[in-house]
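Observations on the model geometry
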Amino acid sequence: KNEVEQSPQNLTAQEGEFITINCSYSVGISALHWLQQHPGGGIVSLFMLSSGKKKHGRLIATINIQEKHSSLHITASHPRDSAVYICASSGGGGYQKVTFGIGTKLQVIP
Amino acid sequence: DTAVSQTPKYLVTQMGNDKSIKCEQNLGHDTMYWYKQDSKKFLKIMFSYNNKELIINETVPNRFSPKSPDKAHLNLHINSLELGDSAVYFCASSHEKISGNTIYFGEGSWLTVV
């Protein structure tokens, strides 16, 4: 059974700081997903990656398949980045057989 | 234009009642999902449907029955509601060719059983 662990579970940062959230998983996967859940509850898919690195605006996601580890980086953090960031691994295509991490609650203070 | 919409957003009901949550997606996706997020904010997949066919049913009590009348809809029916069913239920959809398996979530339905 795949386990997905995230760290830290809670993170407070000052505006402008560089933020890193880590995710590790226990078995081989086909894809790793990063999701963002807003304080109001809505969930947005940020990245899906199976190798290397992806960038979207100030967000960067990386994955190391050999080490079974992924990181989500936020550069020049802003209070609007405050949210819960969820890592999820999928063993098959799409979101079949997906395992979610517990999430990292990020608060960015002005 | 909401891509994945689910109704109702909030639902408070008594134990033992039967209720439904509806979900519709207008993205042309072929796969739809129901997820449950418990009080500890942990997301778990409940069901996955591909082209109206059930492909995942993850240890969900049979009081929960998904119904997919067509590829754009996946409704969740819950019979004999229990206190432990209180949670946020998220509908989602994806398509390998259209969205590269990027998943789109609905806004969630907050169910409270009293």
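One structure accompanies this document, and this report is about it. (Residues numbered from 1 in each chain as written. Chains lettered and ligands numbered in written order. Predicted model: local features only at pLDDT ≥ 70, side-chain atom pairs only at ≥ 80, totals over all residues. Heavy atoms only, no water.)

Section: the state of the cysteines
Enumeration over the complete set of coordinates arrives at 2 disulfides over all chains. In this model A:Cys23 forms its disulfide with A:Cys87; the gap between the sulfur atoms is 1.9 Å. Around the S-S axis, the bridge from A:Cys23 to A:Cys87 shows a dihedral of about -60 degrees and counts as left-handed. You can see A:Cys23 sitting in strand β3 (residues 19-25) and its partner A:Cys87 sitting in strand β9 (residues 83-90), a full 64 residues away along the chain. Side by side, A:Cys23 and A:Cys87 carry an identical accessibility label, which is buried. The partner cysteine of B:Cys23 in its disulfide is B:Cys91, sulfur to sulfur 1.8 Å. (Disulfide = S-S within 2.5 Å. Helix = DSSP H or I, 4+ residues; strand = E, 2+ residues; numbered from the N terminus. Buried < 20%, exposed > 50% of the residue type's maximum accessible area, 1.4 Å probe, protein only.)

Considering the pairing of strand β11 (residues 104-109) of chain A
Residue and element names in this part refer to chain A. Alternating positions in β11 separate cleanly, Thr104, Leu106 and Val108 being buried on one face and Lys105, Gln107 and Ile109 remaining unburied on the opposite face. Bridge analysis of strand β2 (residues 10-14) against β11 gives 5 bridges, and the strand direction is parallel. Note that in β11 the partner of Gln14 across the bridge is Ile109. Looking at chain direction, β9 and β11 are connected through 3 bridges and run antiparallel. In the strand pairing of β11, Ala83 is matched with Leu106. (Pairing = 2+ DSSP bridges.)

A closer look at the sheet that holds strand β8 (residues 73-78) of chain B
All names here are of chain B. Here 4 strands make up an open sheet; going across it, the order is β1-β3-β8-β7 and the pairing antiparallel. Because the sheet does not close on itself, it has two edges, and the strands there are β1 (4-7) and β7 (64-70). On average, each strand axis in the sheet is tilted by 20 degrees relative to the strand beside it, whichever way the strands run. In this structure, β7 lies alongside β8, joined through 5 bridges in antiparallel fashion. Bridge assignment links Asp70 to a residue of β8, and that residue is His73. (Axes fitted to C-alpha atoms, helices over the stretch in contact; angles between N-to-C directions.)

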